[in-house]
Amino acid sequence: MRKFLKERAMPIDPQARAVLEAIARAEAEGRPRTETLEPDAARDLYLETRAAVTPEAPDVAHCEDAQVPGPGGEIPVRYYRPAGSMAGQNLPVLVYYHGGGWVFGDLDSHDVVCRGLANAGRFAVCSVDYRMGPEDKFPAAVEDAKAVVDWLAAGAGGRAVDASRLAVGGDSAGGNLAAVVALLAREKGPAIAYQALIYPATSMLRDTPSHAEFGEDHLLTSAMQIWCQNHYLRGPEDKTDWRASPLLAEDLTGLAPAYVLTAGFDPLRDEAKAYAERLRAAGVSTTYRCFEGQIHGFITMGKVIDAANEAIAETAGQVAAALV
């Protein structure tokens, strides 16, 4: 059983504070808040703001866009092999689901994260551009997330991956999908060797103290969360479906070992920690790590937040240790 890494109270990281201050200045100068926009405009805004916080993309040995058959049509994926790897070498693989509230984000928004994970962990990464709301409501994203895992386990279209060493991971909405896929795979296969959940959304109920404490002025606002849920879910009844709120799943026994990363100034902190505690109580080997001074979304901000690079390296190390 893995130990929980100790949490300690500390002030917000100065680099994270600088990000929040920059957002506040931009909004004071007229930049709209996400929850006031239509989805397409919100997606454009999200991508437009990436350059200011995203570091240069590191080189990898191979990067390839492909299409995977899915229940709603072809699913775009991006397949990475780490720098220095041999072309025909069968590598373990991490299936990665990007964050973005099930409404925005794509293969490009998390390209640097996936490259960093591949290089640091020496495994392949398959990033998934799953269907999102409001065009494709829940559970379309879940269906696509599972379909890509099934495709990899069935041979990955001839790519050199070792399906016996298969992990799932993601951040925020993507962490939610990774947790749900691990639950689905327990019942239906394929075998999942590890799950890496980066500040995952585990409950749509938004009823923890961290939601009340950090629901304003900490990037992921309460209003934005409600906006995302309304675009993703078919109706209020979906909030208690465990495929949307894995924290509400009755039984977490028999799941893949897990690494759960949270941020100290994140409204999702408490629900993610609660999921880690439930996993551990169910006998699942679980490592919990809180980056106490950080905010939601920080792992994509390696250009301006040094801890992002530490978090990517640590996550990659945890996955790699499980897949060796």
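In case you missed it, the structure is sitting above this.
Quick look at the structure, then.

Definitions and limits used
Counting restarts for each chain, with residues numbered from 1 along the sequence as it is written. Only residues with pLDDT of at least 70 are given local features in this predicted model, and only at 80 or more are side-chain atom pairs given and counted; all residues enter the totals for whole chains, interfaces and linings. Processing note: side-chain calculations cover all non-hydrogen atoms of the structure and skip hydrogens and water entirely. Comment: elements are numbered from the N terminus, with helices defined as DSSP H or I runs of at least four residues and strands as E runs of at least two. A helix's residues, less one, multiplied by 1.5 Å, set its expected span. Burial status follows relative accessibility: with a 1.4 Å probe on protein chains alone, a residue under 20% of its type maximum counts as buried, one over 50% as exposed, and anything between as partly exposed. Arc definition: directions from the helix axis to the C-beta atoms. For the purposes of these results, a polar contact is taken to be a pair of N or O atoms within 3.5 Å, where, inside protein, one atom must be able to donate a hydrogen and its partner to accept one; residues adjacent in sequence count only when each atom of the pair is a side-chain atom. We count a salt bridge whenever a side-chain nitrogen from Lys or Arg sits within 4 Å of a carboxyl oxygen from Asp or Glu. A pair of strands is labelled paired if DSSP reports no fewer than 2 bridges between them. Note on definitions: angles span 0 to 180 degrees between N-to-C directions of axes, and those axes are lines fitted to C-alpha atoms, for helices only across the stretch in contact. Here, two residues are considered to be in contact whenever any of their heavy atoms come within 4.5 Å of each other.

With respect to helix H1 (residues 14-28)
Working step 1: Compared with the 21 Å implied by 1.5 Å per residue over 15 residues, the 21 Å span of H1 between its first and last C-alpha is a close match.
Working step 2: Those residues of H1 lying buried are Ala16, Val19, Leu20 and Ala26. One side of H1 carries all its buried residues, which in axial view fall inside an arc of 120°. Turned more than 90 degrees from where H1 packs its buried face, Pro14 and Ala28 sit exposed.
Working step 3: Regarding H1, its N-cap is Asp13, as a side-chain oxygen of that residue lies 2.8 Å from the backbone nitrogen of Gln15 further along.
Working step 4: Gly30, located one to two residues past H1, shows a positive phi value of around 115°.

Some points on the pattern of salt bridges
Working step 1: In total, this model carries 19 salt bridges according to the counting rule given.
Working step 2: A salt bridge links Arg165 to Asp162; its shortest N-O distance comes to 2.8 Å.
Working step 3: The partner of Arg269 in a salt bridge is Asp270, with the nearest N and O atoms 2.9 Å apart. Taken as a pair, Arg269 and Asp270 share a single burial class, namely buried.

Digging into the sheet that holds strand E6 (residues 194-198)
Working step 1: With mixed pairing, the eight strands of this open sheet are ordered in space as E1-E2-E4-E3-E5-E6-E7-E8. Taken across any chain shown, the strands that pair with only one partner, and hence form the sheet edges, are strand E1 (62-70) and strand E8 (286-291). Averaged over all neighbouring strand pairs, the angle between strand axes comes to 20°, with direction disregarded.
Working step 2: The strands that helix H8 (residues 269-281) touches are E6, strand E7 (258-263) and E8; relative to E7, the one it contacts most, it runs at about 160°.

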